[in-house]
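Summary of structural features
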Amino acid sequence: VVIGDKGRGQLRRVHGDLIKRSATDVVAPGTFNLAAALSSELVAAGVTDYDAVVIMYNSYVNPAVYKQKYKIIQPLGGEGEDEPMLAYEFEPDTKSEIMTDLYEYLLTSQLFHSFMDGAAAEQSSRMAAMENASKNAGEMIDSLTLQYNRARQARITTELIEIISGASALEG
């Protein structure tokens, strides 16, 4: 499942045959309800049959930097000592259902975290771009003001020279 136009466009070139679903009309930033809907759709499609779910997203580092990260979320399962939640007692038939529900909630919370981290990275990037644009506009205004003042000064100097030349021609 790919969320967003840019991600779909990039992954389609390399792994187009592996993309099963995509969501492109998603309002940013993603909401918890969207994350819950996606994770329940993944669980319904049999995500527990796979080794892991990989989430790729932009992660906020600082106002000038964001990095691409990925998370690997593996199903909650195992045998023997690797079996999850051994310290808890479950009714005989409910443990697999509970583990599936917990995995769905884990997917939901990790998707929502990825949405929020990506939104923070995007806002930071936009703020940096606007700051740079404002700085460049200020520098351009200063440069154009200096150029205008020089042209104005040259015009005034030319007029003064013409006036003085005309006065000296009348005198002499």
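Residues numbered from 1 in each chain as written. Predicted model: local features only at pLDDT ≥ 70, side-chain atom pairs only at ≥ 80, totals over all residues. Heavy atoms only, no water.

**Describing the layout of surface pockets**
To be explicit about the condition: Points on a 1 Å grid over protein atoms alone make up a cavity when a 1.4 Å probe fits among them but cannot get out, and a pocket when they form an open set with protein on both sides within 12 Å along at least five of seven lines; lining residues each have an atom within 4 Å of a point. Grid points are joined across faces, edges and corners, and a volume is the space filled by probe spheres set on the points. Helical segments are the DSSP runs of H or I of at least four residues, strand segments are the runs of E of at least two, and each set is numbered from the N terminus. All amino acids are sorted into three groups, where Ala, Val, Leu, Ile, Met, Phe, Trp, Tyr, Cys and Pro are nonpolar, Asp, Glu, Lys and Arg are charged, and the leftover types, Gly among them, are polar.
Computed from the structure, the largest pocket encloses a volume of approximately 2,000 Å³. Taken together, 44 residues form the lining of the largest pocket, with Val 1, Val 2, Ile 3, Leu 11 and Met 56 sitting closest to its centre. Among the secondary structure elements, those contributing two or more residues to the lining of the largest pocket are strand S1 (2-3), helix H1 (5-15), helix H2 (32-44), strand S3 (53-62), strand S4 (65-73) and helix H3 (95-171). The element contributing the most residues to the lining of the largest pocket is H3, with eight residues. Taken together, the residues that form the lining of the largest pocket break down as 26 nonpolar, 12 polar and six charged.

**Here we look at a nonpolar patch on the surface**
This is how the line gets drawn: Like-charged residues are merged into a patch within 9 Å and nonpolar side chains (Val, Leu, Ile, Met, Phe, Trp, Tyr) within 5 Å, provided each residue has over 30% relative accessible area and no salt bridge. Per-residue and other accessible areas follow the Shrake-Rupley method at a 1.4 Å probe size, with only the shown protein chains counted as cover for residues. Here, a salt bridge means any side-chain nitrogen of Lys or Arg that lies within 4 Å of a carboxyl oxygen of Asp or Glu. Buried, partly exposed and exposed residues are distinguished by accessible area as a fraction of the type maximum, computed with a 1.4 Å probe on protein chains only: under 20%, between the cut-offs, and over 50%, respectively.
On the surface, Leu 76, Met 85, Tyr 88, Ile 98 and Leu 102 cluster together into a nonpolar patch covering about 410 Å² of accessible area. Its place among the elements puts Leu 102 in helix H3. Among the residues examined, Leu 102 registers a relative accessible area of 34% and is labelled partly exposed.

**Points about H2**
Selection rule: Here, expected helix span is obtained from the residue count minus one, scaled by 1.5 Å. By definition in these notes, contact holds between two residues if any of their heavy atoms fall within 4.5 Å.
An ideal rise of 1.5 Å per residue puts 18 Å on 13 residues; H2 measures up with 18 Å between its terminal C-alpha atoms. Close packing links the buried residues of H2 with S1 and H3. The first or second residue beyond H2 is Gly 46, which carries a positive phi of 95 degrees.

**Some details on the side chain of Thr 108**
Structurally, Thr 108 is set in helix H3. Look at Thr 108 and you get buried, because its relative accessible area is 5%. If we ignore the near neighbours within four places in the chain, the residues touching Thr 108 are Phe 32, Ala 35, Ala 36 and Ser 39.

**Let's talk about the confidence of the model for the protein**
Going by this rule: For every residue, the predictor assigns a confidence score, pLDDT, that lies between 0 and 100.
Summing up the model confidence of the protein, the mean pLDDT is 86 and the portion of residues at 70 or higher is 97%. For the protein, per-element mean pLDDT is lowest for strand S2 (residues 22-23), which scores 76, and highest for H3, which scores 92.

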